[in-house]
Amino acid sequence: MSWLFGYKSQVPQGPPPPGGAEGGAPQDPSSAGQAAGDANLTKAERKAMEAYRFDSSALERAAEAARTLERSKHAREALELSKLQEGTRQQEYVAKVKEYEAHIEASKVEQKRVDHEERRKTLAEETKHQQQRAQYQDQLARKRYEEQLAQQQRVQEENLRKQEESVAKQEAMRRQTIEHEMELREKNKMKLLEAELRAKAKVDRENRDLTLEQIRLKAEENRITVMESIKTAGSVLGQGATALLTDWNKVATTVGGLSLLALGVYSAKGATGVTARFIEARIGKPSLVNETSRFSLLEAVRYPIQTFNRFKAKPADALQGVVLQPKLEERLRDIAIATKNTKHNNGLFRNILFHGPPGTGKTMFAKKLANHSGMDYAIMTGGDVGPMGRDAVTAIHKVFDWANTSRRGLLLFIDEADAFLRKRSSEHISEELRSALNAFLYRTGEQNPRFMLVLASNTPEQFDYAINDRLDEMVEFVLPGIEERERLIRLYFDKFVLQPASEGKKRFKVEQWDYSAVCSRMAEMCEGMSGREISKLGVSWQAACYASEQGVLTEKMVLDRCEAAVRQHRQKMAWLSEQEKLDHKSITGGKGFIM
């Protein structure tokens, strides 16, 4: 039954392989080729192939089983079953072969991956070595460069030292040369002087007798002249005294003339002083007064138009153009009404203190209060009193004498009053300033129907107690809040921008944008700024327009100027010292403001 395994009966049986089992199958040519191919396999692959080797003893057992089946009555069924089994084994064998080939391919892929990983590590190591080599070479180059620099510096220092030594030697030689020349020049001068002195001494010795004779003649002439003058004067005075004493009419005339002369001198001196004080009180103004609305002949001659407009102006509302809190506005309106009625009824004026941060409008409201009440105003500064020294007392008396001569009534506004009205107990003030304070207290001891005293200060806690006793009312001016700032910005925007643009001034135009929204935005940006700073912001808008090429004010220019003003304000606040921050404790509080 050789047909069972697919072999022809004519194929000769080959010799059994050495050491093979008895009755083994002949060697297949494909097996020989496979054996030749196995020689080319690696040790691992050859070991893996051992599991799939063909066993010849199994073939012999199959042949024996086939002969047994031929004698059986179920041989045909057994043969069919055997074919099926053989087909199944062949398929399993093919599957195992394919699995083996896949394993071989996977081994090759793994080997390639390992080789690739080894090459990558090799390249990484080479790169690392190259970097280390480059760093080392760079260090060597840097070290060589530093050594070259050090060498060059040493050479330069050596050259500089040699140059300094050379210059020092040259300077020493020049100094020695100059000293030698000066010494020779001095010796020549001394020799020349000695020669001149010798010649002069020789001439003096030769002319000694002649000189002595001239001196004696001059002395004799002077003595004779003096004696003759004394005799003449004595005779004249003696004759005059004899004539005067013998004639009583001349004696009376002489005494009367001397008395009249003395009386004229003292009368002229007193009249001059009275006239000067009268002229100063009614025509001029004291030296401490910096600004006044009171009529003055000299001011009228210098500024005739302003004087005429002053007489032409009518009293206006004291709160016109003022932006402040409702409570503060009500209080100031009461003060303005009371002052005006006091002036009309010739009553006694009250003394008021305005205190608060700088730039909140204390001086401006004082002027408006005087104009509303029909009074004149005079503005002086407390800082002008200290430098006057001993003359400060006289100057203060002149100010109050001048104020008492006002026919309309005078509002005396003293700005920065704490400069000379400080505490006498705790402050170290000079004797001149103490005397000036005492003179001020003497002149303000009682209320006066002629003038009204208004003090202004940023630090009212520094006032002397006697000054506080003379104050009838105190008003605090604080920084504007958000609503007041918006009203101020709108007011100044109209004053400095819209009005000049509507008047058609040269190089002043305004671009169209939402003015209201921009003013509201700037009001939020200007937190903590005073009215003076906001008014300067309006002036800066004009400057920005004049500085532009086309003369057109844009929204960006307005906002840029506002941001710059805010930065400057913050910088000023940062410059304040701790003591100044304590003194200006009200600088960040409050909602009111006077424009």
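To be clear, the structure that these remarks concern was listed above.
Reference entry: report on the structure contained in this document. (Residues numbered from 1 in each chain as written. Predicted model: local features only at pLDDT ≥ 70, side-chain atom pairs only at ≥ 80, totals over all residues. Heavy atoms only, no water.)

1. What about the overall build of the protein?
(1) Moving on: In terms of helices and strands, the protein carries 17 helices and eight strands.
(2) Moving on: Taken over 595 residues, the protein has a buried fraction of 27%.
(3) Moving on: Long-range pairs, those at least 24 residues apart, make up 80% of the contacts in the protein between residues at least 6 apart in sequence.
(4) Moving on: On the protein, roughly 40,900 Å² of surface is accessible, and the fraction owed to carbon and sulfur atoms is 55%. (Helix = DSSP H or I, 4+ residues; strand = E, 2+ residues; numbered from the N terminus. Buried < 20%, exposed > 50% of the residue type's maximum accessible area, 1.4 Å probe, protein only. Contact = heavy atoms within 4.5 Å. Areas by Shrake-Rupley, 256 points an atom, 1.4 Å probe, with all protein chains shown as cover.)

2. A look at helix H14 (residues 515–525)
(1) Moving on: Buried within H14 are the following residues: Val518, Cys519, Met522 and Ala523. Taken down its axis, H14 places every buried residue within 140° of arc, on the same side.
(2) Moving on: Structurally, H14 contributes buried residues whose contacts are with helix H13 (482–502), helix H15 (531–547) and helix H16 (555–575). (Arc of directions from axis to C-beta.)

3. Structural notes on the nonpolar core
(1) Moving on: Within the largest apolar cluster, 32 residues are counted, with the highest numbers of intra-cluster contacts made by Ile414, Leu421, Phe440 and Leu455.
(2) Moving on: In terms of residue count, helix H10 (residues 391–404) provides more of this core than any other element does, seven residues in total. (Core = buried A, V, L, I, M, F, W, Y, C linked by side-chain atoms within 4.5 Å.)

4. A short note on the pairing of strand S4 (residues 410–415)
(1) Moving on: S4 sits mainly inside the fold: five of its six residues count as buried.
(2) Moving on: Sheet analysis places strand S3 (residues 376–381) next to S4, joined by six bridges and oriented parallel. When the sheet's bridge partners are listed, Ala378 is paired in S4 with Leu412.
(3) Moving on: Once the chain exits S3 it traverses H10 before rejoining the sheet at S4, and the crossover so formed is right-handed.
(4) Moving on: Alignment of S4 against strand S5 (residues 451–457), held across five bridges, turns out to be parallel. Its bridge partner being in S5, Ile414 is matched across the sheet by Leu455. (Pairing = 2+ DSSP bridges. Right-handed = clockwise from strand over helix to strand, strands pointing away.)

5. Section: the packing of helix H8 (residues 326–344) against helix H9 (residues 362–373)
Axis angle and axis distance: for two packed helices, these are the angle between their axes and the distance between the axes, and together they describe the pair.
(1) Moving on: H9 packs onto H8 with a crossing angle of 40° between their chain directions and a minimal axis gap of 9 Å. Here H8 is positioned oblique relative to H9, judged by the angle of their axes. Seen along the crossing, H8 lies across H9 with a hand that is right-handed. Counting all contacts with H8, which are made through Leu332, Ile335, Ala336, Thr339, Lys340 and Lys343, the residues of H9 involved are Phe365, Leu369, His372 and Ser373. (Axes fitted to C-alpha atoms, helices over the stretch in contact; angles between N-to-C directions. Parallel < 35°, antiparallel > 145°, perpendicular 65-115°, else oblique. Left-handed = near helix turned anticlockwise from the far one by under 90°.)

6. Side note on unusual backbone geometry
(1) Moving on: The backbone phi angle of Asn346 is positive, close to 55°, even though this residue is not glycine.
(2) Moving on: Along the polypeptide, Asn346 turns up in the loop between H8 and strand S2 (352–355).
(3) Moving on: Backbone geometry at Glu416 places phi at a positive 50°, although glycine is not the residue there.
(4) Moving on: Along the chain, Glu416 turns up in the loop between S4 and helix H11 (431–443).
(5) Moving on: Taking the relative accessible area as the measure of exposure, Glu416 reaches 31% and is therefore partly exposed.

7. Comments concerning the environment of Ser540
(1) Moving on: Tracing the chain through its elements places Ser540 in helix H15.
(2) Moving on: Taking C-alpha positions, Ser540 is 10.0 Å from Met557, a pair spaced 17 residues apart along the chain.
(3) Moving on: Looking at Ser540, its side chain comes within polar contact range of the main-chain oxygen of Leu537, at 2.5 Å. (Polar contact = N/O pair within 3.5 Å; in protein donor to acceptor, adjacent residues only side chain to side chain.)

8. So, a nonpolar patch on the surface
(1) Moving on: A surface patch of nonpolar side chains, amounting to about 270 Å² of accessible area, comprises Met190, Leu193 and Leu197.
(2) Moving on: Here Leu193 shows up in helix H4 (residues 75–246).
(3) Moving on: Leu193 sits in the partly exposed class, given a relative accessible area of 41%. (Patch = residues over 30% accessible without salt bridge, like charges linked within 9 Å, V, L, I, M, F, W, Y side chains within 5 Å. Salt bridge = Lys/Arg side-chain N within 4 Å of Asp/Glu carboxyl O.)

9. As for the sheet that holds S3
(1) Moving on: If you trace the six strands from one edge of the open sheet to the other, you get S1-S3-S4-S5-S2-S6, paired in mixed fashion. Two strands close off the open sheet at either side, each with one partner strand: strand S1 (289–292) and strand S6 (473–476). The average angle at which neighbouring strand axes cross in this sheet is 20°, direction not considered.
(2) Moving on: When S1 meets S3, the two strands line up antiparallel, connected through three bridges. The partner of Glu291 across the bridge, within S3, is Ile379.
(3) Moving on: Where H10 meets the sheet, it contacts S1, S3, S4 and S5, and its direction lies at approximately 155° from that of S4.

10. Considerations on the state of the cysteines
(1) Moving on: Under the counting rule described, the total for this entry stands at zero disulfides.
(2) Moving on: For the unlinked cysteine Cys562, the closest cysteine sulfur is that of Cys526, found at 3.6 Å. (Disulfide = S-S within 2.5 Å.)

11. Details of the pattern of salt bridges
For side chains of opposite charge, pairing can occur when their charged atoms come near one another.
(1) Moving on: Across all of its chains, the model carries 19 salt bridges by this definition.
(2) Moving on: Residue Glu117 is joined to Arg120 by a salt bridge in which the shortest nitrogen-to-oxygen separation is 2.3 Å. Of this pair, Glu117 and Arg120 are both found in helix H4, three residues apart, which corresponds to roughly one turn of the helix.
(3) Moving on: Under the relative-accessibility criterion, Arg120 is labelled partly exposed at 43%.
(4) Moving on: Between Asp138 and Arg142 there is a salt bridge, and its shortest N-O distance comes to 2.4 Å. On the criterion of helical spacing, the pair formed by Asp138 and Arg142 is a turn pair, its members being four residues apart in helix H4.
(5) Moving on: Judged by its relative accessible area of 38%, Asp138 falls in the partly exposed class.
(6) Moving on: Counted as one network, the salt bridges with shared partners bring together Glu158, Arg161 and Glu165.

12. Observations concerning the packing of aromatic side chains
(1) Moving on: As enumerated under the stated definition, the model contains 12 aromatic pairs in all.
(2) Moving on: Taken together, a centroid distance of 5.5 Å and an interplanar angle of 45° make the contact between Phe493 and Tyr515 tilted. Taken together, the residues Phe493 in helix H13 and Tyr515 in helix H14 connect sequence positions 22 residues apart.
(3) Moving on: Three or more aromatic residues joined by ring pairs make a cluster, and in this case those are Phe400, Phe420, Phe440 and Phe451. (Phe/Tyr/Trp six-rings, centres within 6.5 Å; stacked < 30°, edge-to-face > 60°.)

13. Observations regarding H13
(1) Moving on: Between its first and last C-alpha, H13 extends 28 Å over 21 residues, near the 30 Å set by a 1.5 Å rise per residue.
(2) Moving on: Bending of H13 peaks at approximately 40° at the position of Asp494.
(3) Moving on: The set of residues buried in H13 consists of Glu484, Arg485, Leu488, Ile489, Tyr492, Phe493, Phe496, Val497 and Pro500.
(4) Moving on: In the core, the buried residues of H13 are packed alongside strand S7 (509–510), H14, H15, strand S8 (552–553) and H16.
(5) Moving on: Downstream of H13 by one or two residues, Gly504 has phi in the positive range, about 75°. (Expected span 1.5 Å × (residues − 1). Bend = angle between axes of the 7 residues up to and from the residue.)

14. Points about the environment of His569
(1) Moving on: Tracing the backbone through its elements, the reader meets His569 in helix H16.
(2) Moving on: On the accessibility criterion, His569 (9% relative accessible area) is buried.
(3) Moving on: Distance from His569 to Cys526, taken between C-alpha atoms, is 8.9 Å for residues 43 residues apart in sequence.
(4) Moving on: If sequence neighbours within four positions are ignored, His569 has contacts with Glu527, Gly528, Met529 and Glu533.

As far as function goes, none of this settles anything; it's purely spatial.
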